[in-house]
Amino acid sequence: MNKPERNFLAAVISGIAAATICGSLLLGTPARTSTQELEEKKPLEYRIEEQDIKLGAREKQEIKCLKEALWHEARGEGEEGLKAVLTVIINRKNHPDYPATFCRVIRQPRQFSYLDEVQQLEPKPKAKEEKHLLDKIEELAHDAVTGRFNRTLPAATLWYHSSKVKPGWARAKIKVKTVGRHLFYRKKEQKV
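Residues numbered from 1 in each chain as written. Predicted model: local features only at pLDDT ≥ 70, side-chain atom pairs only at ≥ 80, totals over all residues. Heavy atoms only, no water.

## Some thoughts on the layout of surface pockets
Argument step 1. Of the voids in this model, the largest pocket is the one considered here, and its volume is about 710 Å³.
Argument step 2. Every residue lining the largest pocket is counted, 27 residues in all, and those nearest its centre are Glu73, Ser113, Tyr114, Ser162 and His182.
Argument step 3. At the level of secondary structure, the elements contributing two or more residues to the lining of the largest pocket comprise α4 (57–74), α7 (114–117) and β1 (159–162).
Argument step 4. Of the residues contributing to the lining of the largest pocket, the split by class is 10 nonpolar, 7 polar and 10 charged. (1 Å grid on protein atoms, 1.4 Å probe; cavity = no way out; pocket = protein on both sides within 12 Å on 5 of 7 lines; lining within 4 Å. Points joined across faces, edges and corners; volume = space filled by probe spheres on them. Helix = DSSP H or I, 4+ residues; strand = E, 2+ residues; numbered from the N terminus. Nonpolar A, V, L, I, M, F, W, Y, C, P; charged D, E, K, R; others polar.)

## A look at the packing of aromatic side chains
Argument step 1. For the structure on display, the rule yields 3 aromatic pairs.
Argument step 2. Seen from their ring centres, Phe112 and Tyr160 are 6.3 Å apart, and the 50° between their planes marks the pair as tilted. Placement of Phe112 in the loop between α6 (102–107) and α7 and of Tyr160 in strand β1 is noted, with a sequence separation of 48 residues between them.
Argument step 3. For Tyr160, a relative accessible area of 10% gives the class buried.
Argument step 4. Through a chain of ring-to-ring contacts, three or more aromatic side chains come together here, namely Phe112, Tyr160 and Phe184.
Argument step 5. Geometry around Phe102 places Lys93 over its ring, the cationic atom sitting 5.0 Å from the centre.
Argument step 6. A cation sits over an aromatic face here: Lys173 above Trp159, 4.2 Å from the ring centre. (Phe/Tyr/Trp six-rings, centres within 6.5 Å; stacked < 30°, edge-to-face > 60°. Buried < 20%, exposed > 50% of the residue type's maximum accessible area, 1.4 Å probe, protein only. Lys NZ or Arg CZ within 6 Å of the ring centre and 35° of its normal.)

## Quick look at the packing of α4 against helix α5 (residues 78–94)
Argument step 1. Taken N-terminus to C-terminus, the directions of α4 and α5 make an angle of 125°; their axes are 10 Å apart at the nearest point. Here α4 lies oblique to α5, going by the angle between them. Crossing angle aside, the handedness with which α4 passes α5 is right-handed. Contacts from Leu66, Ala69, Leu70, Glu73 and Ala74 of α4 reach α5 at Gly78, Gly81, Leu82, Val85, Leu86 and Ile89. (Axes fitted to C-alpha atoms, helices over the stretch in contact; angles between N-to-C directions. Parallel < 35°, antiparallel > 145°, perpendicular 65-115°, else oblique. Left-handed = near helix turned anticlockwise from the far one by under 90°. Contact = heavy atoms within 4.5 Å.)

Structure below.
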């Protein structure tokens, strides 16, 4: 491209940009750049992958462990149920009686029933709705690992179980809340 063609192209681009800004001002809407529009149209998985560039292998493994646990333990409980189960996992990770990583909390023996029952740990959505659910689970897991997740239950809430079972340990605890088909507990001597 020669110099006059470059100058013409630059003038056209400047004119388009100016028209966009002026049009936005006249219409009372904020000017939006094409990169903002493109970012909003990207699927969640690509936005998270770009953020993962800053994450190391350990953080990515932590996200994977959380995705598996949330998928198998709470995928039928809606967003509130997913957040409640995630809160228990975070509370355990932060508690001195439990391991200091999400994966170690989740992999502790006899803590999460799906580890004894499920052959395929990797979440496999079967329908479009499940794909959206997995996207939400991945977003929650990412927020937990990066410290952006806001817990939905008190820090003393360290246990839960399905309403389908009545474990003996629950008698020694105080029920904090019921979310969907899960009951959440704390120790009797702990304060909320």
